[in-house]
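Here is how the chains run, residue by residue.
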Amino acid sequence: MGATTLERIESFVPERSVRIEELGEHLGLRRAELGVFRKFYGLDTLRFDPGMDLFELLLPAAKRALAALPAGGRIDRLVFAHTTQALAPADVDIAQELARRLGLADVEAFALSHQACVSSLGAIDVAAELLRAEGATGGYALMVTGERAFSPIVQLIPNTAIMADAAAACLLTLDGGGDVVHSFVTKTLGQYAEWLALTPEQNTEFGELYGPRLAEVILESVAEAGFGFDDIELVIPHNVNALAWRQTMKALDAPADRFFLENIPKLSHCFSSDVFLNYTTLRESGRLVDGARYVLVTVGLGATFGAMVITHRAQDNPA
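Sequence order sets the numbering: in each chain, residues are counted from 1 along the sequence as written. Owing to the predicted nature of the model, reporting of local features is limited to residues with pLDDT of at least 70; listing and counting of side-chain atom pairs is limited to 80 or more, with chain, interface and lining totals taken over all residues. As a rule here, side-chain values come from all non-hydrogen atoms in the structure, and water together with hydrogens is ignored.

**Section: the nonpolar core**
Consideration 1: Of all hydrophobic cores here, the largest spans 55 residues; its most connected members are Ile 162, Trp 245 and Phe 305.
Consideration 2: No other element matches the eight residues that helix H7 (residues 200-224) contributes to this core.
Consideration 3: Nine residue types can take part in a nonpolar core, namely buried Ala, Val, Leu, Ile, Met, Phe, Trp, Tyr and Cys, and a core is a set of them joined through side-chain atoms within 4.5 Å. Partly exposed describes any residue whose relative accessible area lies between the buried limit of under 20% and the exposed limit of over 50%, with all areas from a 1.4 Å probe on protein chains only and scaled to the type maximum. Counting residues in hydrophobic clusters, the runner-up holds 31 residues, among them Ala 141, Phe 260, Val 275 and Leu 296. For helices the rule is a DSSP run of H or I covering at least 4 residues; for strands it is a run of E covering at least 2, with both sets numbered from the N terminus onward.

**Some words on the side chain of His 312**
Consideration 1: Within the secondary structure layout, His 312 lies in the segment after strand E13 (304-311).
Consideration 2: Distance and chemistry together define a polar contact, namely a pair of N or O atoms within 3.5 Å, with one atom able to donate a hydrogen and the other to accept it when in protein, and with adjacent residues in sequence counting only for side-chain atoms on both sides. A polar contact of 3.0 Å, which involves the side chain of His 312, links it to the side chain of Asp 179.
Consideration 3: Not counting residues up to four positions away in its chain, the partners in contact with His 312 are Asp 179, Tyr 279, Leu 288, Val 289, Asp 290, Gly 291, Ala 292 and Tyr 294. The contact criterion used is simple: two residues touch if any of their non-hydrogen atoms lie within 4.5 Å.

**Quick look at the pattern of salt bridges**
Consideration 1: Throughout this description, the term salt bridge denotes a Lys or Arg side-chain nitrogen within 4 Å of a carboxyl oxygen of Asp or Glu. The tally for this structure, following the rule as stated, stands at 16 salt bridges.
Consideration 2: One salt bridge in this structure joins Glu 10 and Arg 283, with 3.6 Å as the shortest N-O distance. Note that Glu 10 is positioned in strand E1 (residues 4-12) and Arg 283 in helix H10 (residues 274-284), a separation of 273 residues in sequence.
Consideration 3: Looking at Glu 10, the relative accessible area reads 5%, which means it is buried.

**Some details on the sheet that holds strand E4 (residues 74-81)**
Each strand in a sheet pairs with another by means of backbone hydrogen bonds, the pair being arranged parallel or else antiparallel.
Consideration 1: The rule for pairing is simple: two strands pair if DSSP sees at least two bridges between them. Taken together, nine strands build an open sheet; the order of strands is E5-E4-E6-E9-E1-E10-E13-E12-E11 and the sheet is mixed. For this open sheet the edge positions go to strand E5 (108-112) and strand E11 (232-237), each flanked by a neighbour on one side alone. Within the sheet, the average angular offset between the axes of one strand and its neighbour, ignoring direction, is 25°.
Consideration 2: Where E11 lies against strand E12 (residues 293-300), five bridges are found, and the strand directions are parallel. Along E12, the bridge assignment pairs Ile 232 with Arg 293.
Consideration 3: Simply put, an axis is a line fit to the C-alpha atoms, just over the touching stretch for a helix, and the angle between two N-to-C directions goes from 0 to 180 degrees. Against the sheet, H10 contacts E1, strand E6 (139-147), strand E9 (166-174), strand E10 (179-188), E11, E12 and E13, and its axis sits at roughly 90° relative to E1.

**Concerning the packing of aromatic side chains**
Consideration 1: For Phe, Tyr and Trp, where Trp contributes only its six-membered ring, two rings pair if their centres lie within 6.5 Å, and the inter-plane angle classes them as stacked under 30 degrees, edge-to-face over 60, or tilted in between. Evaluation of the coordinates by the stated rule reveals six aromatic pairs.
Consideration 2: Taking 5.7 Å as the distance between ring centres and 45° as the angle between the ring planes, the aromatic pair formed by Trp 245 and Phe 259 counts as tilted. Residue Trp 245 is found in helix H8 (residues 242-252), and its partner Phe 259 is found in the loop between H8 and helix H9 (264-267); the two are separated by 14 residues along the sequence.
Consideration 3: Take Trp 245: its relative accessible area is 0%, and that puts it in the buried class.
Consideration 4: For Phe 259, a relative accessible area of 5% translates into the label buried.
Consideration 5: A connected cluster of aromatic rings, assembled from ring pairs, spans Tyr 192, Phe 206, Tyr 210 and Phe 305.
Consideration 6: The rule for a charge over a ring is simple: NZ of Lys or CZ of Arg within 6 Å of the ring centre, and within 35 degrees of the ring normal. Taking NZ or CZ as reference, Arg 101 lies 4.2 Å from the ring centre of Phe 55, over its face.
Consideration 7: A cation sits over an aromatic face here: Arg 293 above Phe 227, 4.1 Å from the ring centre.

Next up, the structure:
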């Protein structure tokens with residue numbers, strides 16, 4: 001069947017960094033509400049550049065990932081994974097335009113977004129299945145994710161997260177030399193699909209089950225991969241907030257040092273790009289262990305919980 005392998009993961013964030021207090025008026029948050037985000041949710045700064053064009057955000061990581069394509073390799077598909085449904089005018093096909101700007105105009109390009117912030121992991125799974133179904137050797141896919149926090153309604157998830165600008169890209173193939181994907185598990189709780197219209201009771205209910213359900217998905221992904229949680233070197237999570245991860249740690253009865261949470265106060269939640277930002281942070285600081293197993297974990301509004309188990313295989317930086 002061919003194992004999915006992640007040949008190169010890259011990420012990009014704008015240089016402009018702001019403290020969350022600078023966004024108070026823009027987001028309509030009072031000082032006390034900002035204090036909750038800082039003290040309890042662990043937020044401090046985030047990357048936010050209103051003047052940056054969407055393609056300026058997306059292209060750097062995509063180009064670096066694409067540079068890892070070996071001689072003779074070919075890109076069969078480009079998948080753009082995003083969280084927010086509408087990111088551009090209706091006459092702009094972002095996936096097609098990305099392909100054109102990357103010199104891949106003849107490549108099949110499409111977008112996925114229905115799993116919200118889990119869409120990037122889902123896009124890897126879909127792209128790999130398409131490569132597998134075709135049965136052709138030497139084919140690669142490029143997954144690109146990223147979006148801008150272009151309006152207050154997009155940037156603020158009340159009582160949960162403040163969204164930031166970022167992008168990432170992943171070059172993948174079958175039976176390559178990169179990180180091996182062992183499993184991908186999702187669970188969708190459709191009763192919470194209309195998140196803006198949830199009643200206070202539904203919000204409370206979702207908050208109480210968030211940690212236990214995410215813990216279940218993590219453990220299911222690890223079991224499906226044929227491992228136990230003790231076999232996992234580190235959980236590489238999304239950056240929604242520190243409180244949500246404390247709840248999940250409690251449900252797993254796992255210590256904090258099993259989770260990489262250092263980017264929550266530095267970058268905040270970056271839609272579908274978080275796990276890749278955290279992965280590249282770990283790689284660039286020399287903290288990814290060759291042969292070690294990791295779980296990439298994220299949650300999308302709607303509500304979808306997703307986890308992917310990989311084994312890291314160190315490679316020389318193609319750049």
